Amino acid sequence: MLGVGVIVGVTLGVGVVVGVLVGVTDCVGVLVGVILGVGVTVSVTVGVTVVVGVTVAVGVIVGVLVGVTD
């Protein structure tokens, strides 16, 4: 019975260690996900800023051309 108790104890211990590792891995996964999400958000924001900048630049050029033509 003592042997069985030790085996059960070790098995539970291993289960706990695995559980903690999975939990930590999951946390890392979430952190990586958040970091990637922030990266995408920044990229999109930069992209929008560039589009707005280009649009304004085009507007200025068109305005100047219209002014010159006029």
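All residue numbers here refer to positions counted from 1 along the written sequence of the relevant chain. Two thresholds apply to this predicted model, a pLDDT of at least 70 for residue-level local features and 80 or more for giving and counting side-chain atom pairs, whereas whole-chain, interface and lining totals are computed over all residues. Only hydrogens and water are set aside; all other atoms, that is, all heavy atoms of the structure, feed into the side-chain values.

A. Region of interest: the overall build of the protein. Within the protein one finds one helix and zero strands. To get the radius of gyration, use the C-alpha atoms; to get the globule rule, take the number of residues to the power 0.38 and multiply by 2.2 Å. The C-alpha radius of gyration of the protein comes to 30 Å, more than 25% above the 11 Å expected for a compact globule of 70 residues. Seen through its C-alpha atoms, the protein measures out along the principal axes to roughly 100 × 5 × 5 Å. Relative accessible area decides the class of each residue, using a 1.4 Å probe on protein chains only: under 20% of the type maximum gives buried, over 50% gives exposed, and in between gives partly exposed. Taking all 70 residues of the protein together, 0% fall into the buried category. The helix and strand labels rest on DSSP assignments: H or I over at least four residues marks a helix, E over at least two residues marks a strand, and numbering proceeds from the N terminus.

B. Local environment of a nonpolar patch on the surface. On the surface, Val30, Val34, Val38, Val42, Val46, Val50, Val54, Val58, Val62 and Val66 cluster together into a nonpolar patch covering about 810 Å² of accessible area. When you line up the elements, Val66 lands in helix H1 (residues 2–69). Each patch groups residues whose relative accessible area exceeds 30% and which form no salt bridge, using 9 Å between like charges and 5 Å between nonpolar side chains of Val, Leu, Ile, Met, Phe, Trp and Tyr. In this description, accessible areas are obtained by the Shrake-Rupley approach with a 1.4 Å probe, and a residue is regarded as covered only by the protein chains that are shown. For salt bridges, the criterion is a side-chain nitrogen of Lys or Arg within 4 Å of an Asp or Glu carboxyl oxygen.

C. Looking closely at the environment of Cys27. One can find Cys27 in helix H1. With a relative accessible area of 49%, Cys27 lands in the partly exposed category. Distance in space between the C-alpha atoms of Cys27 and Gly53 is 38 Å, their sequence separation being 26 residues.

D. View of the environment of Val24. Secondary-structure assignment places Val24 in helix H1. Sequence spacing of Val24 and Val50 is 26 residues, and the spatial spacing of their C-alpha atoms is 38 Å.

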